[in-house]
Amino acid sequence: MVKRVLKIISIGVCLGLLLLFLQRSLQIELDMFLRAYWIAAPALVIGAVLVNALYNLSYQRKMQALVGLLRAGKPQEYIREVEKLLQTARGQSLRTVLRLNLAAGYMEARDFDMAVPMLEELPDKRLNTTGVRLVHRVNLCQCYFETAQPDKAMAVYRDSRSLFQQYENDKTYGGNIAVLNILAALQSGDRERAE
């Protein structure tokens, strides 16, 4: 994060010096130059934000199309296609979400040994929305249970308990969380709660 801020500041300083050089070398009046600057700068920022949003949206649409492969029971095809997307994707947040989706493909293929390291390597700082954090935690916890790592599974489960509780009645994630609740209860020896 600090490196990114320093990079942005250094780019801003360099750009400012370049603009100052242009203004002086072309002998443009300062008032006219500043007026043009205050028109161009917001347009440039809005343009950059728009391009970034459209870029991420295009990958989101591609991922939504690939989900059909999982529903059709074709996890290997899904994995190949997500790996192709990862080769072309730029931006750490986008790549993190694609890796999370790739791990889900491996989970669907019941290849938990491939999914676990992928999920473990995802940096928390890149899991920047509650939904992405939730999917990561649910999948990681499930993978630990599936690979006979109950201590790690229970650590993730306890650490994520408040997040899981927020989504227990959610139609998309509630079922997965219910399964984790059952597995955690069984691991704790609470058969009554598991039933």
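Our structure is the block above this text.
Calculation notes
- Numbers given to residues run from 1 along each chain, matching the order in which its sequence is written.
- Reporting in this predicted model follows two pLDDT cut-offs: at least 70 for local features of residues, and 80 or more for side-chain atom pairs to be given and counted; totals over whole chains, interfaces and linings ignore these cut-offs and use all residues.
- The side-chain quantities take in all heavy atoms of the structure and omit both hydrogens and water.
- Only DSSP runs of H or I reaching four residues or more are called helices, and only runs of E reaching two or more are called strands; each is numbered from the N terminus.
- We compute the radius of gyration from the C-alpha atoms alone; for a globule the expected value is 2.2 Å times N to the 0.38, where N is the number of residues.
- The cut-offs for exposure are 20% and 50% of the maximum accessible area for each residue type, with area from a 1.4 Å probe on protein chains only; residues under the lower value are buried, those over the upper are exposed, and the others partly exposed.
- In what follows, residue pairs with any heavy atoms lying within 4.5 Å of each other are defined as contacts.
- For every accessible area listed, the method is Shrake-Rupley and the probe measures 1.4 Å; residues are considered covered only by the protein chains on display.
- Working convention for charge: Lys and Arg count positive, Asp and Glu count negative, and His plus the chain ends are omitted.
- Where a charge lies is defined by one atom per residue type, namely NZ (Lys), CZ (Arg), CG (Asp) and CD (Glu).
- Here a Phe, Tyr or Trp ring, Trp counted by its six-membered ring, pairs with any other such ring whose centre lies within 6.5 Å, and the pair is stacked when the planes are under 30 degrees apart, edge-to-face when over 60, and tilted otherwise.
- Our definition puts a charge over a ring when NZ of Lys or CZ of Arg is within 6 Å of the ring centre and also within 35 degrees of the ring normal.
- Whenever Lys or Arg places a side-chain nitrogen within 4 Å of a carboxyl oxygen from Asp or Glu, that contact is recorded as a salt bridge.
- Nine residue types can take part in a nonpolar core, namely buried Ala, Val, Leu, Ile, Met, Phe, Trp, Tyr and Cys, and a core is a set of them joined through side-chain atoms within 4.5 Å.

> Outline the overall build of the protein, listing residues and values.
Each helix and strand counted, the protein has nine helices and zero strands in total. In terms of C-alpha radius of gyration, the protein reaches 23 Å, well past the compact-globule figure of 16 Å for 195 residues. Burial analysis of the protein (195 residues in total) assigns 29% to the buried set. Within the protein, contacts between residues at least 6 apart in sequence are counted, and of these 50% link residues at least 24 apart. On the protein, roughly 13100 Å² of surface is accessible, and the fraction owed to carbon and sulfur atoms is 58%. Charged side chains in the protein number 25 positive and 19 negative. The centres of these two groups are separated by 9 Å.

> Could you give me a rundown of the packing of aromatic side chains, with the residues and numbers involved?
For the structure on display, the rule yields three aromatic pairs. A ring pair is formed by Tyr157 and Phe164, whose centres lie 6.0 Å apart and whose planes are at 55°; its orientation type is tilted. Phe164 carries the same exposure label as Tyr157, and that label is buried. Relative to Tyr173, the ring of Tyr167 lies with its centre 6.1 Å away and its plane at 85°, an arrangement referred to as edge-to-face. With a relative accessible area of 24%, Tyr173 lands in the partly exposed category. One cation-aromatic arrangement involves Lys62 over Tyr59; the distance from NZ or CZ to the ring centre is 4.7 Å.

> Lay out the pattern of salt bridges in plain terms, naming residues and giving numbers.
Applying the stated criterion across every chain, the model contains five salt bridges. A salt bridge links Lys152 to Glu120, with the nearest nitrogen and oxygen atoms 3.8 Å apart. On the criterion of sequence distance, the pair formed by Lys152 in helix 7 (residues 150-166) and Glu120 in helix 5 (residues 112-121) is long-range, its members being 32 residues apart. You can call Lys152 partly exposed: its relative accessible area is 40%. Judged by its relative accessible area of 39%, Glu120 is partly exposed.

> Describe the nonpolar core, and please don't skip the residues or the numbers.
By size, the foremost hydrophobic cluster in this structure holds 43 residues, and its most contacted members are Tyr78, Leu98 and Leu119. Taken together, the elements giving at least two residues each to this core come down to helix 2 (30-71), helix 3 (75-88), helix 4 (92-108), helix 5, helix 6 (130-146), helix 7 and helix 8 (174-187). It is helix 6 that contributes the most residues to this core, eight residues altogether.

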